[in-house]
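Survey of secondary and tertiary structure
For reference, the chains in residue letters:
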Amino acid sequence: MKKYKKRIADEILKKRLSGKGAVLIEGPKWCGKTTTAEQMAGSILYMADPEKEKQNLSMADLSPKVLLKGATPRLIDEWQIAPKLWDAIRFEVDHRDEFGQFILTGSSTPASDEQIHHTGTGRFSWIMMRPMSLYESLDSTGEVSLKALFDAPNQIEGINPIDLNKLAFLVCRGGWPRATDLEGEIALEQAFDYFDAVVKSDISRADGVSRNPERVKRLMRSYARNQGTQATNSLICADIAANEADTFDTDTVYSYINALKRIFVIEEMAAWNPNLRSKTAIRTSNTRYFIDPSIATAALGLGPDDLIGDLNTFGLIFETMCIRDLRVFSDKLNGQVYHYRDKTDLECDAVVHLRNGSYGLIEIKLGGDKLIEEAAGNLKKLNNKIDTTKMKSPSFLMILIGIGDYAYRRQDGVYIVPIGCLKD
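Cut-off values and rules
Residues numbered from 1 in each chain as written. Predicted model: local features only at pLDDT ≥ 70, side-chain atom pairs only at ≥ 80, totals over all residues. Heavy atoms only, no water. Helix = DSSP H or I, 4+ residues; strand = E, 2+ residues; numbered from the N terminus. Rg over C-alpha atoms; globule rule 2.2 N^0.38 Å. Buried < 20%, exposed > 50% of the residue type's maximum accessible area, 1.4 Å probe, protein only. Contact = heavy atoms within 4.5 Å. Areas by Shrake-Rupley, 256 points an atom, 1.4 Å probe, with all protein chains shown as cover. Lys, Arg positive; Asp, Glu negative; His and termini not counted. Charge placed at Lys NZ, Arg CZ, Asp CG, Glu CD. Axes fitted to C-alpha atoms, helices over the stretch in contact; angles between N-to-C directions. Parallel < 35°, antiparallel > 145°, perpendicular 65-115°, else oblique. Nonpolar A, V, L, I, M, F, W, Y, C, P; charged D, E, K, R; others polar. Expected span 1.5 Å × (residues − 1). Polar contact = N/O pair within 3.5 Å; in protein donor to acceptor, adjacent residues only side chain to side chain. Pairing = 2+ DSSP bridges. Core = buried A, V, L, I, M, F, W, Y, C linked by side-chain atoms within 4.5 Å.

What the chain contains, in helices and strands, is 16 helices and 14 strands. For 424 residues, the compact-globule estimate of 2.2 N^0.38 gives 22 Å, and the chain sits close to it at 22 Å. A total of 424 residues make up the chain; the buried ones form 54% of that total. In the chain, of all internal contacts separated by at least 6 residues, the share reaching a separation of at least 24 is 72%. As presented, the chain carries roughly 19100 Å² of accessible surface, and 47% of it is formed by carbon and sulfur atoms. One way to put it: in the chain the 55 positive side-chain charges average out to a point 5 Å from where the 58 negative ones average out.

In structure tokens:
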């Protein structure tokens, strides 16, 4: 068995257990939720164990308290199979009156919440877990800390270990823990297997609505083509009509996308709304992203060589990988990742905004001097628009790149950081 690779979620889980009776870890299948929870669990109940699932479900209906007995923290894996457990756990947390009693994991939200009568406020804490960042999969050196950038260091240092071919491989492999222990074609196959599972069964199980796998594939291909944009459902309908032998209406697109959200395949990004010096209309639509870049490459049937042959597509899907990593790192910093775009089409790919009001502005570029200069200009232009009498100045301006030898601070103060050097 491969040695457990430490996850950023390890520290988050430990901290949350010290202040709440129960912690729910959510996220897509195969991202490592159960394995991470097992590292800290005192006892474990696998609800989906084929030999015991029927018995577990019956007990959840008849006497759920029995299932909750065991050394703490007790892990209830795939709890959403029996939604009644939620209220039973909430009741136990109240009456035990102790922290760190339960860990719940789930790869989908319950199809129905009719059996859940309490939100869990004050008793539960939620953790969103994603596929591995490059730092967690040991593909990033971690020489540049996102946390440290908020202190605006005068210098940063880092040597990027990732070249163009390696980057294309990492984008297509994704952050699936099992894949990170494999090499070559076998590692790349894991994302295709995940994609096949989503289209053939997982999306239909999300809400109990049977969906044709071929139609799911077409929708996901269209979504992949619109990665990193604010494409409306109507635009996705038009894209499908133009590129696929099928048509969708907006209600159907909404239904499919909502189901993919329920099983954590899609994680869209909200818009950032800063205080500006001028009355500039800010676009508020969510930005479209899969939770891992490999889902996009699998949906489009692309491999590393295909990305290298189409650098425009490569750049768009590389952005998805960067957003994944920034989200993983931001969770530890009590931060959120947003996107900015206004009516003048001035954009900022990512804004990491912390709970204390500090924030950093980030542009994402595959590489190249011309693109880096344009990105630096955009960052400084947005920086000049922010009304610092009403909010803080940005802690840092950063261009997150894929290809480039070094991490460094430019004379204008903009940080250039290869994704192969970044950590939390």
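Alright, that's what it looks like, and here's the rest.
Packing of helix α9 (residues 184–207) against helix α12 (residues 250–262) leaves a shortest axis separation of 8 Å and a crossing angle of 90 degrees. By the angle class used here, α9 and α12 are roughly perpendicular. Contacts between α9 and α12 involve Val-198, Ile-203, Ala-206 and Asp-207 on the former and, on the latter, Tyr-256, Ala-259, Leu-260 and Arg-262. A per-class count over the contact of α9 with α12 returns six nonpolar, no polar and two charged.

This next bit is on helix α10 (residues 213–225). For α10, which comprises 13 residues, the first-to-last C-alpha distance of 18 Å matches the rise-based estimate of 18 Å (1.5 Å per residue) to within 8%. Along α10, the positions that sit buried rather than exposed are Val-216, Arg-218, Leu-219, Met-220, Ser-222, Tyr-223 and Ala-224. Where the residues of α10 are buried, they touch α9, α11 (233–243), α12 and α13 (293–300). Put simply, Asn-212 is the residue that caps the front of α10, since its side-chain oxygen is 2.8 Å from the backbone nitrogen of Glu-214.

Another aspect to go through is the sheet that holds strand β2 (residues 43–46). Note on sheets: strands pair through backbone hydrogen bonds, and any given pair is parallel or antiparallel. As summarised here, the arrangement of the five strands in space is β2-β3-β4-β1-β5, forming an open sheet in which the pairing is parallel. With one partner strand each, in any of the chains shown, β2 and β5 (124–128) form the two edges of the open sheet. Strand after strand, the sheet turns through a mean of 20 degrees between neighbouring axes, direction not considered. Bridge count for strand β3 (residues 74–77) against strand β4 (residues 102–106) is four bridges, and the pairing is parallel. Following the sheet pairing, Leu-75 is matched in β4 by Ile-103. Strands in contact with helix α5 (residues 84–96) are β1 (22–26), β3, β4 and β5; relative to β4, the strand with the most contacts, it is inclined by about 160 degrees.

Let's shift gears to the nonpolar core. One finds Leu-219, Met-220 and Leu-400 to be the most contacted residues of the largest nonpolar core, which totals 92 residues. Leu-219 has contacts with Ile-236, Ile-240, Phe-248, Val-253, Tyr-256, Ile-257 and Leu-260, leaving out every residue within four places of it along the chain. If you look at the next biggest cluster of nonpolar residues, it comprises 21 residues, including Trp-272, Cys-348, Ala-375 and Ala-376.

What follows concerns the packing of α11 against α12. It is at 9 Å that the axes of α11 and α12 come closest, and there the two elements cross at 100 degrees. Overall, the two elements α11 and α12 adopt an arrangement that is roughly perpendicular. Contacts between α11 and α12 pair Asn-233, Ser-234, Ile-236 and Cys-237 from the former with Thr-250, Val-253, Tyr-254 and Ile-257 from the latter. Tallied by class, residues from the contact of α11 with α12 come to five nonpolar, three polar and no charged.

Note that Ala-271 resides in the loop between α12 and α13. Linking Ala-271 and Ala-350, residues 79 residues apart in sequence, is a C-alpha distance of 9.5 Å. Excluding its chain neighbours within four sequence positions, the residues that come into contact with Ala-271 are Arg-283, Thr-284, Ser-285, Asn-286, Tyr-338 and His-339.

So, on to the side chain of Arg-173. Within the secondary structure, Arg-173 is located in helix α7 (residues 164–173). Given the relative accessible area of 4%, Arg-173 is considered buried. In this structure the side chain of Arg-173 is engaged in a polar contact, spanning 3.0 Å, whose partner is the side chain of Asp-139. Sequence-distant contacts of Arg-173, defined by excluding residues within four places in its chain, comprise Ser-137, Asp-139, Ala-179, Thr-180, Ala-187, Leu-188, Ala-191 and Ser-294.

With that settled, consider the sheet that holds strand β12 (residues 406–409). Pairing is mixed across the open sheet formed by seven strands, whose spatial order is β7-β12-β13-β11-β10-β9-β8. With one partner strand each, in any of the chains shown, β7 (158–159) and β8 (335–341) form the two edges of the open sheet. In the sheet, strand β10 (residues 359–365) pairs with strand β11 (residues 396–401) via six bridges, with the strands oriented parallel. Looking at β11, one finds that Lys-365 is bridged to Ile-401.

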